Amino acid sequence: MEFKNYEIEPSFYDEMFNLDGSPRPHCVEVHSTLMELTQLEINTMQERVTRSFYNEGITFIVYGDEAAGERIIPIDAVPRVLANAEWRHIETGLDQRLRALNLFLEDVYNEARIIADGVIPTDVIRGCPQYRIEMRGLSAPYGAWVAICGTDLVRTNDGFRVLEDNLRVPSGVSYMIATRKAVKANLRNAYRRSQVLDVEHYGQLLLRTLRDLAPPGISDPTIALLTPGVYNSAFYEHMFLARELGAELVEGRDLIVNDGYVYMRTTRGLRRVDVIYRRVDDDYIDPLVFRPDSYLGVPGLLHAYRLGNVTLANAPGTGVADDKSVYAYVPDIIRYYLSEEPILDNVKTNLCRQPEGLEYTLDNLENLVVKQVGGSGGYGMLIGPHSTADERENFAKDIRANPANYISQPVLDLSRAPCLIDDQFEPRHVDLRPFILRGDETRIVPGGLCRIALRKGSLVVNSSQGGGAKDIWVLAT
Amino acid sequence: MTEMVRYAIEHISRFLYSKTVARSAMWLCLQPRSDFDQHVRRFEAITEPSVALSPETDSFGNNKHVITINFEHDSLVITTRSEVENINATRLPTALGAGAWEEIESWTNSFEHWDFTHESALTRNCPSLENFVTRYRIGSGSDPVESLLRLSDTLHRNFVYTPGATTADSTIQDILETKRGVCQDYAHVMIAIARSWGIPTRYVSGYMHVTGIDGEQSTESATHAWVECLLPDLGWFGFDPTNAGIADERHVRIAVGRDYLDVSPTRGVLIDGKPSTLEATVKMEKMFSQAIAI
Amino acid sequence: MARYMERAGYMCRLLHLQSEALVDRPVSEIQFGWRRIYTAIDRNPLGGVHAIGQIDDYNLVDAYFLTDELTFVRENPESILSCLERGRENARQIRHCVSDQMWTALNTEFLRIRDIKLTDIWLSSPGSFYAELLAGIDRFSGVATSTMYRDEGWHFFRVGQFIERVQFSTSLLLTQLMLEMQHGELADASWRSLLRIFHASGAYDRTYSIEIQPKLILDLLVTDRRIPESLLRSVDRTTQELSSLGDGPDPSTSGALRRLAGRLGALLRYDWPDREDREEVLRQVVKHSRQLHTLLSETYFQYAIQGIPGSDMR
C-alpha cells in the first residue's frame, strides 16, 4: 500500500522517513513490506491486531462510564523501528538516570547531603506531598527504592529527551508484550528479516529483579503481587504479570501482618510473603500509617517493611523523585551523585515556584505547556498554542494563586510516525516509554510502549485522553 | 543542686467493641523516651488478649509498638508499666543573648527542622487564628523566651480547660472559636503561633505528675500534652501552656511529633468491626526523689 | 467460573429443547417446558405469572419474551448471558490460573452472545443458535480438561462443576416430581425431554425399552453411575475431587467436608432405592449440597486464622 499524501514536515522528526521521503536505513525492511501489502491485507492485519486484544480480554472499563462498555487502547499495527545505536544511547541514559534517582531517594530519606550541599532547595523536596516522612532513616535493598520504572521519552529534531519519570507504580508493560505478540504475528517476514530484539522475556527479568530484593537470608522468596482489585483499570496487567512471575495475585484483604511479618492466605493456611510487587499507591497501602479509610491496603504493612521483613517494590515515598518540580533538577542530581554528564537531556522546565520562572511562564503562556506539579495522565494542563485567551486567563489566575503547584515547558515538537488512520498511513505524534528494572543491576528489555496521540495534530498521548499505542522494534544490529 | 525524681507509671487502655472484631491492628505510642534529662529504667507492656508487641522506632525517634490481632475479639486491654527517672537540670534564662532571632530564622526553612516549622494537619492556619492573634495582640517580642512565656500565659488566661469540649482529632479552629479545650488543644494553638514566628516547635505527649490534696497521689488523668521549642543554646525546651509554665521534673515525655496525630497513644484499624469505647486510666506514683549534684 | 459455565450449559440445553418444541409440539407441552425451567431455577418470569399453580399461566406470556429473558436479559441472574458474564468476570479474576485456551473458549462464547439480540436469531433458527452455544460451552469444558494444570486450581474447578451439576440436576428431578404431584401423570414427552437433558435418552432405550416408565427413568438418572451426568456419579466425582484437594488449614473442617459428601453419596446409594418419599430424599440432597458449598468456602477460603507458621500464637 502506498504512502499516499503522507506529509513529512521539517519541524517534526519523522520516525520512518528522511526529509526527502526516502525511508530511513533501519526502516527499509518494514517500509518495503508495507508497500508490498495490499490495502485489503493491511486492513485485515489491523483488524486482527485489534481483535486479538478483545479476544485476550486486554480491556478496561471506564468507571463512571459503564455504558460505553469495555474498551481497549487502540493498537496500531505499524511498528516504530529504532536503530540499534539509537537504543544503546537510550539504554545507557536510562540506566544512568535510574541509578542517580535511586541514590537521590536514599539520600533525601537519610542524610540529605544534596540539600546540605545546596544542589536542591529544601522546599522543593519538603514542599512535595510525595515526600513521606515515614520513610526517613530507611534504606532499600541494593538501594533500589525504585525497582520498576517507566520513563517517558520524546524525540525532537534535537534528539531524545526525558519528559517524565514514572517511579511509583508505572503501568503499560503488558501492552508492550501483547502488542508485540499481535504485531509480530501479522508481520512475520518483516519481523524475521529485520532481526528485532526480543521483549517478551520481561517477566523473567522482573522475577530476577524481585528475587534480588528479597530480605536478607531469604534465598527462595515468596513473591506476591498486590492489586487494588478487578475494578482497577490495570487489572489485566496485574493478572498478566502475576502469571509471568508465577506469583500469587493478592488483594489487601488476602494479606495479614503478624508480629512484624507478612502472610498471605492460601488454601493450605497462611504462608509468609517476602517480596511484594505492589500496584497500590502509597496513600492506600497501609491504613495504619497512610489513609485510614483505605480498604485496599494491609494494616501493619509498613511496620513489617520498616523491620526489613518484607520488601515493597517500589518502596513507598519514591514519588518525591518523579515530582515535576524535582524533575527540573534531575540533570543536577545525575552530576551530583555520579559525577557524570547526563546522557539523556531533560526538557527545559520553568519552575513557577521561582520568581523568574513564574514571570517567564505568565509572559509566554501561549507558547508553553503548563502542568500541575502533582498532576498526571494529561489532566490539569494547559497547552498554550491550543488554548483560548479565556483559558489562559483562568489558568494564569490559578498559577498566581499557587505558583509552587505549576511548572511550564516549551511545546515540544514530538516526532511523528506513520499510523493507520481510516485505512491510510498518516503521521501522528508519538512518545516512548521503556521499562527499566533495578535489582542488584539494571535490566531493560529493548523497546517499550510507543504511545500515540491519535487525534490529528494532538500532542497528548495519554491513554486516558484518547491515545493509542504501537510496537517498538529495536534492531539487533 | 537539683532534684532527681523516679516515677512508677501504670497506664491501662480498655477498648470495648460494640460488635465482635474479626481482626485488628494498632500502633501504640506509650513507651517514654530516654533522652535529655529523662531516663527510662523499665518498661513493660502486655495486652489482653495476649499478642506480641512488635517494637519500632518512628521517624521522630519515638518508641512505638505495633500489635496485630488476627482472631475475633470483643475487647482489648493494653497495660503498660514504666519506671522513669527525671531530673530538671536546665533552668530557663529570662532572655536569650543577642542574635537569638537570627539564629532561629536560619533554622526556619532548613531541611532538619522543616516538620516543626511548618503547618501540620491539626495546627493549620485559619481565620480564627488570625483573629485571635490580633485580638490578644500576640506577637513575637524582642526576645524568643519572653515571647513564648507571654504566649503560653495568654493561652492559659483566655482558654477554659474543659474536658469533652473537643475531640482527639480537633483542629485549632475548635478551641479558638469556643475558647474551651484540653491540654492537646492548648498545645496545638501554641505550636501554630510559635511556628508562625519561625521557632521550631513540636508536640509532646506525656504524663504529668500532679500532687493531689493529700499531698502524695496523683489524680487519675495524668496523661498530658505540651510543647517543645528549639532555642539557641538551650536546645529543645518544654513549655506547658495549660499550666502557664515550663516543663519540669513533673513532666514525663512519651513522644514528640508535629501534632497529636503523630503520637496519639493508640491508633487502630478494625477489620470488620465497629468503633469502640476507650477507657483509659493512668496511675503515676512518685517512688522517691533525691537531691543530686551535677 | 466452573459453576456459572455449568449452569449456562443447563440453561442452554433447556432452551434448545424449548426452541425445538415450539416448532411442532402441543401447547401444553411447551407450557410444561417453561414451568419446568422456572421452577428449577426457582424464579418467576420478570413479567410475573397470574395464578401460581396453574399450568396454563404461561399462556399469559409469550415464548418470545421468556426466551429473551432466559437468554439475553442481564437483569435475570440466571440468563445465559448473565452466567457467561459472571463466569468470565470470575475467570478474569483468576486469569493467572486459567489456561489461555479456556479463556479464549469462554470469551468467544461470551462475545458471541453479548453482541446479538434475540431478534437476530428468532426468525431464522434459534435452535441452531443454542446448539452452537452449547457446543462452545462444551468446548470450554473440554479444553479445561485437556489444558488445565492439575494443581489444586483444577480440583477446585472440578468440585465447582460437580456441585453445580448435583444442584441443578437435583432441582430438575425435584421439579419433575413436584409437577407430577400437582398435575397428575405427566406426558411421556416430558419424561423423554428429561432424559435428553441428562444425555440419557439412548442409555434408557438400551437398558429398558422405548416405553416410558417414570420410576425407571428416575432410578436411571439418580443412581446409574454409567450415565455421566447421573446424580450419584456427580456426587461421587465431588467426593473424589475433595479427597484430591486434601486438608485445608484446619483438618477438622476438611474432615467434616468429606463426611458431608460421603453422606450425600450414602443417601443416594442406600436410601433412594427403598424410600417412598422420593421428593424428600431429593430435598435432603439439595440441603446437603448447599451446605457442601458453604463448607467448601469456609474450609479453604474464609477460614479463621488458627496459627501463624513458625510462631506459637494461639
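Because the structure is predicted, anything quoted here is derived from the model rather than measured.

Cut-offs and rules
Residues numbered from 1 in each chain as written. Chains lettered and ligands numbered in written order. Predicted model: local features only at pLDDT ≥ 70, side-chain atom pairs only at ≥ 80, totals over all residues. Helix = DSSP H or I, 4+ residues; strand = E, 2+ residues; numbered from the N terminus. Rg over C-alpha atoms; globule rule 2.2 N^0.38 Å. Buried ≥ 20, exposed ≤ 12 C-beta atoms within 10 Å, placed from the backbone. Contact = placed C-beta atoms within 7 Å. Pairing = 2+ DSSP bridges. Axes fitted to C-alpha atoms, helices over the stretch in contact; angles between N-to-C directions. Nonpolar A, V, L, I, M, F, W, Y, C, P; charged D, E, K, R; others polar. Core = buried A, V, L, I, M, F, W, Y, C linked by C-beta atoms within 7 Å. Parallel < 35°, antiparallel > 145°, perpendicular 65-115°, else oblique. Left-handed = near helix turned anticlockwise from the far one by under 90°. pLDDT = per-residue confidence, 0-100.

*Asks:* So what exactly am I meant to see when it comes to the overall build of chain C here?
*Replies:* Scanning chain C for helices and strands turns up 14 helices and zero strands. Going from the N terminus to the C terminus, chain C shows its helices and strands as α-α-α-α-α-α-α-α-α-α-α-α-α-α. Relative to its length of 314 residues, chain C is compact, with a C-alpha radius of gyration of 20 Å against a globular reference of 20 Å. Across its three principal axes, chain C shows a C-alpha extent of roughly 70 × 50 × 40 Å. Expressed as a percentage of the 314 residues in chain C, the buried residues total 38%.

*Asks:* What is the right way to look at the overall build of chain B in this model?
*Replies:* The helix and strand inventory of chain B stands at seven helices and 15 strands. Taking 2.2 N^0.38 as the reference for a compact globule, 294 residues should give roughly 19 Å; the C-alpha atoms of chain B span a radius of gyration of 20 Å, in line with that estimate. Dimensions of chain B, computed from C-alpha atoms along their principal axes, come out at roughly 60 × 50 × 40 Å. With 294 residues in all, chain B has 41% of them scored as buried. Pairs at least 24 residues apart make up 75% of the contacts formed inside chain B by residues separated by at least 6 positions.

*Asks:* Would you mind going over the sheet that holds strand E6 (residues 223-226) of chain A with me for this structure?
*Replies:* All names here are of chain A. Ordered in space as E7-E6-E11-E12, the four strands form an open sheet in which the pairing is parallel. A strand with exactly one partner marks an edge of an open sheet, and here the two such strands are strand E7 (248-250) and strand E12 (311-313). When strand polarity is set aside, the average angle formed by the axes of neighbouring strands in this sheet is 25 degrees. The sheet contact formed by E6 and E7 spans three bridges and is parallel. When the bridges of E7 are listed, Ala224 appears paired with Glu248.

*Asks:* Would you explain the environment of C:Arg36 in this entry?
*Replies:* Residues and elements named next belong to chain C. Tracing the backbone shows Arg36 in helix H2 (residues 27-40). C-alpha of Arg36 to C-alpha of Ser171: the two residues are 135 residues apart in sequence and 9.8 Å apart in space. Those residues within four positions of Arg36 in sequence are excluded, and the remaining contacts are Thr175 and Leu179.

*Asks:* Whenever I open this one, the interface of chain B and chain A confuses me. Can you help?
*Replies:* The interface is formed by 16 residues belonging to chain B together with 22 residues belonging to chain A. Looking at the side of chain B that touches chain A, the elements that each hand over two or more residues are strand E2 (23-31), strand E4 (54-57), strand E5 (63-69), helix H2 (114-117) and strand E14 (266-271) of chain B. Taken together, the residues of the side of chain B that touches chain A sort by class into seven nonpolar, six polar and three charged.

*Asks:* Would you explain the interface of chain C and chain A in this entry?
*Replies:* Interface size is often expressed as the accessible area that is lost when the parts come together. Residue-level contacts link 16 residues of chain C with 16 residues of chain A. For the side of chain C that touches chain A, the element with the highest residue contribution is helix H5 (residues 100-114) of chain C, accounting for three residues. The class makeup of the residues in the side of chain C that touches chain A is seven nonpolar, six polar and three charged.

*Asks:* Any chance you could explain the nonpolar core here in plain terms?
*Replies:* Within soluble globular proteins, side chains that are nonpolar generally end up buried alongside one another. Among the nonpolar cores identified, the biggest contains 196 residues, and A:Leu225 and B:Met190 are the most heavily contacted of them. In contact with A:Leu225, not counting residues within four places along its chain, are A:His238, A:Leu241, A:Ala242, A:Leu245, A:Ala247, A:Leu249, A:Val250, A:Tyr277 and A:Arg279. Among the nonpolar cores identified, the runner-up in size contains 71 residues, and C:Leu84, C:Phe156, C:Leu264 and C:Leu268 belong to it.

*Asks:* Mind showing me how you'd approach the pairing of E4(B) here?
*Replies:* Regular strands show a simple pattern: their side chains alternate between the two faces of the sheet. Residues and elements named next belong to chain B. As defined by bridge partners, E4 adjoins E5 across four bridges and the pair is classed as antiparallel. Among the inter-strand pairings, Thr57 is bridged to a residue of E5, identified as Asn63. The hairpin formed by E4 and E5 contains five residues between the paired strands, and Gly61 there has a positive phi angle of roughly 80 degrees.

*Asks:* Just to check I follow, could you spell out the packing of helix H1 (residues 2-24) of chain C against helix H7 (residues 126-147) of chain C for this structure?
*Replies:* In a packed pair of helices, the relevant descriptors are the angle between the two axes and the axis-to-axis distance. All names here are of chain C. Viewed as axis vectors pointing N to C, H1 and H7 meet at an angle of 155 degrees, and their least axial separation amounts to 9 Å. The angle between H1 and H7 places the two elements in the roughly antiparallel class. The chirality of how H1 crosses H7 is left-handed. Where H1 abuts H7, its residues Met5, Ala8, Gly9, Cys12, Arg13, Leu15, His16, Ser19 and Glu20 lie against Pro126, Gly127, Tyr130, Ala131, Leu133, Leu134, Ile137, Phe140 and Ser141. Class assignment for the residues of the contact of H1 with H7 results in 11 nonpolar, five polar and two charged.

*Asks:* So what exactly am I meant to see when it comes to unusual backbone geometry here?
*Replies:* The general pattern is negative phi for most residues beyond glycine and trans for most peptide bonds. Cis geometry marks the peptide bond from A:Ala313 to A:Asn314, where omega comes out at -5 degrees. With respect to the element layout, A:Asn314 can be found in the loop between E12 and helix H12 (324-327). Residue B:Pro49 is bonded to the preceding B:Glu48 through a cis peptide linkage, with omega at 0 degrees. Here B:Pro49 shows up in the loop between strand E3 (38-48) and E4. With a phi angle near 70 degrees, B:Asp233 is a residue other than glycine that sits in the positive phi range.

*Asks:* Explanation requested: the pairing of strand E22 (residues 450-453) of chain A in the structure shown.
*Replies:* Residues and elements named next belong to chain A. The side-chain alternation of E22 yields two buried faces, one formed by Cys450 and Ile452 and the other by Arg451 and Ala453. Where E22 lies against strand E23 (residues 467-474), four bridges are found, and the strand directions are antiparallel. Within the sheet, the bridge partner assigned to Cys450 lies in E23 and is Lys470.

*Asks:* Sorry, what's going on with the sheet that holds strand E14 (residues 350-351) of chain A here?
*Replies:* Sheet strands pair via backbone hydrogen bonds, and the direction of the pair is either parallel or antiparallel. Residue and element names in this part refer to chain A. Taken in spatial order, the four strands of this open sheet run E14-E17-E15-E16, and their pairing is antiparallel. Where the open sheet ends on each side, the last strands, each with one partner, are E14 and strand E16 (381-383). Alignment of strand E15 (residues 368-372) against E16, held across three bridges, turns out to be antiparallel. Paired with Lys371 across the strands is Met381, a residue of E16.

*Asks:* Sorry, what's going on with the confidence of the model for chain C here?
*Replies:* Residues and elements named next belong to chain C. Across chain C, the average pLDDT comes to 88, with 93% of residues at or above 70. No element of chain C has a lower mean pLDDT than H2, which averages 87, and none a higher one than helix H12 (residues 231-245), which averages 94. Model confidence for the complex is summarised by a pTM of 0.90, with the ipTM given as 0.92.

*Asks:* Before we go on, may I ask you to explain helix H1 (residues 28-36) of chain A in this structure?
*Replies:* Residue pairs three or four apart in sequence face the same way in an α-helix, which turns once every 3.6 residues. For H1(A), every residue scored as buried is listed here: A:Glu29, A:Val30, A:His31 and A:Leu34. The elements touched by buried residues of H1(A) are strand E3 (75-82) and helix H7 (188-194) of chain A.

*Asks:* Would you explain the packing of H1(C) against helix H4 (residues 80-93) of chain C in this entry?
*Replies:* Residue and element names in this part refer to chain C. It is at 8 Å that the axes of H1 and H4 come closest, and there the two elements cross at 160 degrees. Judged by the angle between their axes, H1 and H4 are roughly antiparallel. Our pair here, H1 against H4, has a crossing hand that is left-handed. Each of Tyr4, Met5, Arg7, Ala8, Met11 and Cys12 in H1 lies in contact with H4, whose residues at this interface are Ile80, Cys83, Leu84, Arg86, Gly87 and Asn90. Class assignment for the residues of the contact of H1 with H4 results in eight nonpolar, two polar and two charged.

*Asks:* What exactly am I supposed to notice about the environment of A:Val173 here?
*Replies:* All names here are of chain A. Assignment of secondary structure puts Val173 in helix H6 (residues 173-186). The spatial distance from the C-alpha of Val173 to the C-alpha of Gly448 is 7.3 Å, given a sequence separation of 275 residues. Sequence-distant contacts of Val173, that is, excluding residues within four places in its chain, are made with Tyr202, Glu237 and Phe435.

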